[in-house]
Amino acid sequence: MFNQEQLELLTQELDSSRVKSRSKGNINLSYLEGFDLIETANKVFGYGNWSYSIKSLDYLCTEQNQNQNFVISYKAIVEVIVYDNKHMQNISRNDVGTGTGIAKTQADAHEGATKEAVTDALKRALRSFGNQFGLSLYDKSKNHNNQSQTNNSNYNQVPNNNNQHYNQRANNSNNQYNPNTQNTQQQVPYKHSQDFSQLINLGLAVIQQGENLIVVGDNVFANKDAIKAHGFRWDTNNRQWYMNLRQVA
């Protein structure tokens, strides 16, 4: 089915620079991004030698969170088919994935949930082809955090005073956010970060500093609409999204 070159690619160790990380509660999860897996499939199997199709896409439920945003969930089943170079043989795999969309409007929440469910199912179907598709990430005895630790050092360590992107503190007298004060409090991952699962799935992180929550990550500006939908406000002085903990309670 697979030629020698494909077998060599499939049996290579997973490059840790491809691995991303996000927090879920008190757990750090390692994962590969959807576009990365599609690029890898094109590289390993060849353009036109593989495909995927949505076998089912089912609506699960609708709720509203504390910020009056719609929280909508979907379940998807995706089938992946891989052909040999002559298209004489093929292998098929299918798996199930779930997705949650959070937005001010039901339409946007439905869109986010369906896309996430399909991507999740595609990832799970492709993982059966080995390490290059993230199978090794399920092996808890292996360490895949070389790159992800670097990517997430912005919320695992106390930032220095030269990094104004994170300079904020809580005003202890009234628990209000004061953008004019300098950061003197340590930033730690928010223990209820699952409340912001859509932001986490976008590669962002929610951290706690004093009486406030802050959104951090490489794609903050690209995902400003989703961040705003969760009730975060923009601090123009320190150029960051924040929310007072009292809004979450």
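Every chain is numbered on its own, with residues counted from 1 as its sequence reads. Restriction of local features to residues with pLDDT of at least 70 applies here, the model being predicted, together with a cutoff of 80 or more for giving and counting side-chain atom pairs; totals for whole chains, interfaces and linings are based on all residues. Only hydrogens and water are set aside; all other atoms, that is, all heavy atoms of the structure, feed into the side-chain values.

## Topic: the overall build of the chain
- Runs of E in the DSSP output that reach at least two residues are strands. Runs of H or I that reach at least four are helices, and both are numbered from the N terminus. Looking only at helices and strands, the chain has eight helices and twelve strands in total.
- Within the chain, the fraction of its 249 residues that count as buried is 43%.
- In the chain, 59% of the contacts between residues at least 6 apart in sequence involve partners at least 24 apart.
- In this description, accessible areas are obtained by the Shrake-Rupley approach with a 1.4 Å probe, and a residue is regarded as covered only by the protein chains that are shown. Summed over its atoms, the accessible surface of the chain is roughly 13,300 Å², and 44% of this surface lies on carbon and sulfur atoms. The rule is simple: take the accessible area with a 1.4 Å probe, protein chains only, and divide by the maximum for that residue type; under 20% is buried, over 50% is exposed, in between is partly exposed. In this analysis, two residues are considered to be in contact whenever any of their non-hydrogen atoms come within 4.5 Å of each other.

## Digging into the environment of Trp241
- By the secondary structure assignment, Trp241 is in strand E12 (residues 240-244).
- Residue classification places Trp241 among the buried residues on the basis of a relative accessible area of 6%.
- On a C-alpha basis, the gap between Trp241 and Val220 in space is 8.5 Å, while along the polypeptide they are 21 residues apart.
- Apart from residues lying up to four places away in sequence, Trp241 is in contact with Leu213, Ile214, Val215, Val220, Lys224, Ile227, Lys228, Phe232, Arg233 and Trp234.

## Here's the deal with the confidence of the model for the chain
- The predictor attaches a confidence to each residue, and that confidence, scored 0 to 100, is pLDDT. For the chain, per-residue confidence averages 78 on the pLDDT scale, and 78% of positions sit at 70 or higher.
- Every residue in residues 146-184 scores below 50 in pLDDT, and together they form 89 contacts with partners more than four places removed in sequence or on other chains.

## So, the sheet that holds strand E4 (residues 70-83)
- If you trace the three strands from one edge of the open sheet to the other, you get E3-E4-E5, paired in antiparallel fashion. Each edge of the sheet is formed by a strand with only one pairing partner; in this case those strands are strand E3 (50-64) and strand E5 (90-103). Strand-to-strand twist across the sheet, computed as the mean angle between neighbouring axes with direction ignored, equals 15 degrees.
- When E3 meets E4, the two strands line up antiparallel, connected through 13 bridges. Within the sheet, the bridge partner assigned to Leu57 lies in E4 and is Ala76.
- Running over the sheet, helix H3 (residues 106-126) touches E3, E4 and E5 and is turned about 150 degrees from E5. One requirement defines pairing of two strands: DSSP has to find at least two bridges between them. Note on definitions: angles span 0 to 180 degrees between N-to-C directions of axes, and those axes are lines fitted to C-alpha atoms, for helices only across the stretch in contact.

## Details of the pattern of salt bridges
- Here, a salt bridge means any Lys or Arg side-chain nitrogen found within 4 Å of an Asp or Glu carboxyl oxygen. Per the counting criterion, the structure on display carries five salt bridges.
- In this structure, the salt-bridge partner of Arg127 is Asp95, at a minimum N-O distance of 3.5 Å. A residue pair is termed long-range when its members are at least 10 positions apart, and Arg127 in the loop between H3 and helix H4 (146-151) and Asp95 in strand E5 qualify at 32 residues.
- On the basis of relative accessibility, which here comes to 19%, the residue Arg127 falls in the buried class.
- Classification of Asp95 as buried rests on a relative accessible area of 18%.
- Residues joined in a network through salt bridges with shared partners are Asp95, Arg124 and Arg127.

## Description of helix H2 (residues 34-45)
- To estimate how far a helix should extend, the number of its residues minus one is multiplied by 1.5 Å. In this model, H2 (twelve residues) spans 16 Å end to end at C-alpha, consistent with the 16 Å of a helix rising 1.5 Å per residue.
- Residues of H2 that are buried: Gly34, Asp36, Leu37, Thr40, Ala41, Asn42, Val44 and Phe45.
- Along its buried surface, H2 packs onto helix H1 (4-10), E3, E4 and H3.
- Gly46, located one to two residues past H2, shows a positive phi value of around 100 degrees.

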